[in-house]
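# Analysis of the macromolecular model
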Amino acid sequence: MRVGIIGTGMVGQTLGSKLVSLGHQVTLGSRSKDNEKGLAWAEEAGPDGHTGTFAEAAAFGEVVLNATGGTVSLEALRAAGAENLDGKLLIDISNPLVFGPDGQVSLDPVNTDSVGERIQREFPGARVVKTLNTVNRELMVAPEKLAGEHNLFVAGNDEAAKAETVALLGEFGWPAEWIIDLGDIAGARATEMMMPFWLRVMGSLGTAEFNYRIQRAG
C-alpha cells in the first residue's frame, strides 16, 4: 500500500519506519521538498521511503496520516490539497496542545469542537478517523511493550474507514478487540481532551510508556 504522512516530526518518522518495515511504500510530507528531517529519514528508510511536499505526500498515499501538531493541522492539510485527500482514508493522530508561558497546557479547540471534526468539516470528501493520539509514538507501533491488554480508540463518521483503520492498527500489533469505537468523529473531542491528563500522568510516572485499559464488568 502507498501511504502519505503529513509531517516529518518524530511521530511521522516512527510511523513511516514501521510502515516501511511492513512492506508499504511511504512518502513523508513537509512544507518543502528539501526538508532536512524528511531527507534524512528517506535515506535511512531505503527505496520504499520517500519525502516531498505536503501535496506530494497526500497525492502519493492511498491512505493519508496526519502527524502534525493539532494547532497547525488544518494549515498543513490545506497545503496538501483537498483534491489529494478526496475519497481517501485520512487518519488524524493530532492533539491541539497549547503550552502557556507558565508551563500549563490547554487545548484549542476544546469541549464543543475538536481537530478531528474541523478536519472532517473542511475536507468533507475525506474519510477522517481519529486514533493513536492517546499513546506515545513508541507504543503506537509496538503495543507489545506493555504487558496485557490495553486500549486504543477510533472515532469517525464512515464505518468502512474505521474498519480499514482497525486493520492497519492490527498490522502495528493492536488486536481488534483492544480497539474501542467511540462512534462518529465528535468522539475526537473526548480523546483530545484526554491529553492534558495524559501529560500529568507522564509527569507523575516519569515515563511516556503507559496506556489506558478499560476494565469491563464481568
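The shown structure was predicted, so the numbers you read here are calculated from the model rather than taken from an experiment.

### Let's talk about the pairing of strand β4 (residues 63–66)
Burial along β4 is two-sided: V63 and L65 and V64 and N66, pointing in opposite directions, are all buried. Across 4 bridges, the pairing between strand β1 (residues 2–6) and β4 is parallel. The residue bridging I6 from the neighbouring strand is N66, located in β4. Relative to strand β5 (residues 89–92), β4 runs parallel, the two being bridged by 4 bridges. Paired with V64 across the strands is L90, a residue of β5.

### Here's the deal with the nonpolar core
If you look at the biggest cluster of nonpolar residues, it comprises 31 residues, and the most contacted ones within it are I5, L15, L65, L132 and F172. It is helix α8 (residues 159–172) that provides the largest number of residues to this core, a total of 4 residues. In this structure, I5 is in contact with G12, L15, G16, L19, V26, T27, L28, G29, A57, L65 and A67, ignoring residues within four places of it in sequence. Counting 18 residues, the second largest nonpolar core, distinct from the first, contains V64, L74, A80 and I119.

Definitions and limits used
- Numbering of residues begins from 1 in every chain and follows the order in which that chain's sequence is written.
- Per-residue local features are limited, in this predicted model, to residues with pLDDT of at least 70; the limit for side-chain atom pairs, both in listing and counting, is 80 or more; totals at the level of whole chains, interfaces and linings are taken over all residues.
- By convention in this description, side-chain values take in all heavy atoms of the structure and omit both hydrogens and water.
- Note on exposure labels: buried denotes an accessible area under 20% of the residue type's maximum, exposed denotes more than 50%, and partly exposed covers the range between, all computed with a 1.4 Å probe on protein chains only.
- Helical segments are the DSSP runs of H or I of at least four residues, strand segments are the runs of E of at least two, and each set is numbered from the N terminus.
- Strand pairing is defined by DSSP finding a minimum of two bridges between the two strands.
- Nine residue types can take part in a nonpolar core, namely buried Ala, Val, Leu, Ile, Met, Phe, Trp, Tyr and Cys, and a core is a set of them joined through side-chain atoms within 4.5 Å.
- We call two residues in contact whenever any of their non-hydrogen atoms come within 4.5 Å of each other.

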